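Chain residues, written in single-letter form:
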Amino acid sequence: MSKQSENDTLAILGGPKLINHTFGRYNPLGPEEVEAAKKVVESGVLSQFLGCWDPDFFGGPKVQEFERQCESYFGVKHAVTFNSWTSGLVAAVGAIGIEPGDEVIVSPWTMAASATAILHWNAIPVFADIETETFCLDPVSVERSISEQTRAIMSVDIAGHSADMDALRKIADKHKLRIISDTAQAPGARYKGKFAGTLADIGGYSLNYHKHVHTGEGGIAVTDDDDFADRLRLIRNHAEVVVEDKGVTNLSNMIGHNFRLGEIECAMGIEQLKKLDRMVKSRQRIAQKLDAGLAGLRGLRTPVVKPDCTHVYYVYSMSVDVVALGINRQRLHQALLAEGVPALGASYQNLHMLPMYQKKMAYGSKGFPWTSEICKREVSYAKGICPVAERLHEAEFLGFGICSHEYKDEEVDMIIAAFRKVWRNLEALR
Ligand SMILES: *Cc1c(COP(=O)(O)O)cnc(C)c1O
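Predicted model only: the values in this text are computed from it and were never measured.

Near the ligand you find 13 residues, and of these Thr86, Asp182, Ser206, Asn208 and Lys211 are the closest. Take Asn208: an N or O atom from its side chain is 2.7 Å from an oxygen atom of the ligand. At a separation of 3.0 Å, an oxygen atom of the ligand approaches a polar side-chain atom of Lys211. Burial of the ligand by the protein chains amounts to 94% of its free accessible area of 380 Å². Assessed atom by atom at 2 Å from the grid points, the ligand resides in the largest pocket.

Right, dumping it as structure tokens:
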């Protein structure tokens, strides 16, 4: 398959670069989206939200059509759109009734917004460690992180695979906690037949331009709970001026925002959602090809799919056994990049290592909320609190971005060939 050139010397060591090819940028938009957007523009109604208790409190025709379509696709009672999933996460934390000083357990192996949504309500993120196989929250570490102040778990279905929802639900029930699922990277992934994101009290998906399906920016929250859905819609749209006329009696966190998504985005979202199955299948096909092509490379672990789960491969998450290989991850990463492998990352963040947490400085300059009386105990963000996430970040993780390009079979073959070339030359790399 991989035609070995005469000169097999690694590019990083002065040999010829194996992949001399430009990978086309991923673009899931087609004539359907163009037509849908055009119709909205021609209608003259780019948004129809009103921030008061009125039929238009729920948004215009495309917002509502898209939400109903999401409800039927994901099999949930309520879908609520947002102008980003970051906004959706903020609204979700508010909707479940988190109070200042409450603790919410969250993964450090995620995008920053999973944790800042918690801080937004002056609540305290507590980082629990992740599983080595799925990179999602480790239920054992979650249970160990529970304190008197814990009120919720923010589970992240990272890279395209669901967290262990049965185990998390068991813990949540035992300790009376709510669960929010940040399923930004796993739309369409299944957990025991259900869609990832729908097993939490509130879950949801991102529609930003580098996710499986997108509207440029946007997000969708899903829930089966009527009250949470109401509160999500209120926080989305100027809650404080709506509550009186709507007859809302629970005023906690009824601080509104403008988190509303536009008509153009929703019209395009309707078309995008129709393509989600196809997008997911194409990534699964690429991943299967990679699985087969990379099988047997010593010390390289390809993504694990747990029983009763499906993976939608936002990122093809690998880890390397650096001890067995005797080469550090940075060196392997550099060698693969030098051969022309695209979209190869050496890590997700370790959120707890960000300056905001290390210095405990968020609101203002005096350490609020950690230094405030609302924070009932010293929460540690010290290096060492999440050993698995830290080890992966510092030494072992390699992630290939399947969602960022539209890979053709020949291109996947090139990528496999580059890995195989590097692995043939491990001795020279040491
Ligand atoms: C993309 C992403 C978000 C944020 O979504 P936006 O729509 O960009 O605001 C949150 N969490 C995770 C895990 C993500 O990948």
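Glancing now at the pattern of salt bridges. Here the structure, examined in full by the defined rule, presents 26 salt bridges. For Arg169, the salt bridge is made with Asp201, and the minimal N-O distance between the two is 3.5 Å. With Arg169 in helix H6 (residues 165-175) and Asp201 in the loop between strand E7 (194-195) and strand E8 (202-206), this pair connects stretches of sequence that are 32 residues apart. Several salt bridges converge on common partners, so that one network encompasses Glu67, Arg68, Glu71 and Arg236.

The next subject is the pairing of strand E2 (residues 103-106). Burial along E2 is two-sided: the face carrying Glu103 and Ile105 and the face carrying Val104 and Val106 are both buried. Judged from the four bridges that link them, E2 and strand E3 (residues 124-127) form a sheet pairing that is parallel. Residue pairing in the sheet places Val104 in a bridge with Pro125 of E3.

So, about the nonpolar core. In terms of nonpolar packing, the biggest core is built from 76 residues, with Trp109 and Leu232 touching the most fellow members. Once residues lying within four places of it in the same chain are set aside, the contact partners of Leu232 are Val80, Phe82, Ala91, Ala92, Ala95, Ile202, Ala221 and Thr223. The next biggest cluster of nonpolar side chains, apart from the first, holds 34 residues, and it includes Ala287, Met318, Leu336 and Val422.

The subject of this paragraph is the side chain of Ser114. By the element assignment, Ser114 lies in helix H4 (residues 113-120). Those residues in contact with Ser114 that lie beyond four places of it in its chain are Leu89, Val106, Met154, Val156 and Asp182.

Where H6 is concerned, the buried positions are Met165, Leu168, Ile171 and Ala172. End-on view of H6: buried residues confined to an arc of 125°, all on one side of the axis. Residues of H6 that are exposed and point more than 90 degrees away from the buried face comprise Lys170, Asp173 and Lys174. Residues of H6 that are buried sit in contact with helix H5 (139-144), strand E4 (150-156), strand E5 (178-182) and strand E6 (190-191).

Conventions used here
Residues numbered from 1 in each chain as written. Predicted model: local features only at pLDDT ≥ 70, side-chain atom pairs only at ≥ 80, totals over all residues. Heavy atoms only, no water. Near = heavy atom within 4 Å. Polar contact = N/O pair within 3.5 Å; in protein donor to acceptor, adjacent residues only side chain to side chain. Areas by Shrake-Rupley, 256 points an atom, 1.4 Å probe, with all protein chains shown as cover. 1 Å grid on protein atoms, 1.4 Å probe; cavity = no way out; pocket = protein on both sides within 12 Å on 5 of 7 lines; lining within 4 Å. Sits in = over half its atoms within 2 Å of the grid points. Salt bridge = Lys/Arg side-chain N within 4 Å of Asp/Glu carboxyl O. Helix = DSSP H or I, 4+ residues; strand = E, 2+ residues; numbered from the N terminus. Buried < 20%, exposed > 50% of the residue type's maximum accessible area, 1.4 Å probe, protein only. Pairing = 2+ DSSP bridges. Core = buried A, V, L, I, M, F, W, Y, C linked by side-chain atoms within 4.5 Å. Contact = heavy atoms within 4.5 Å. Arc of directions from axis to C-beta.

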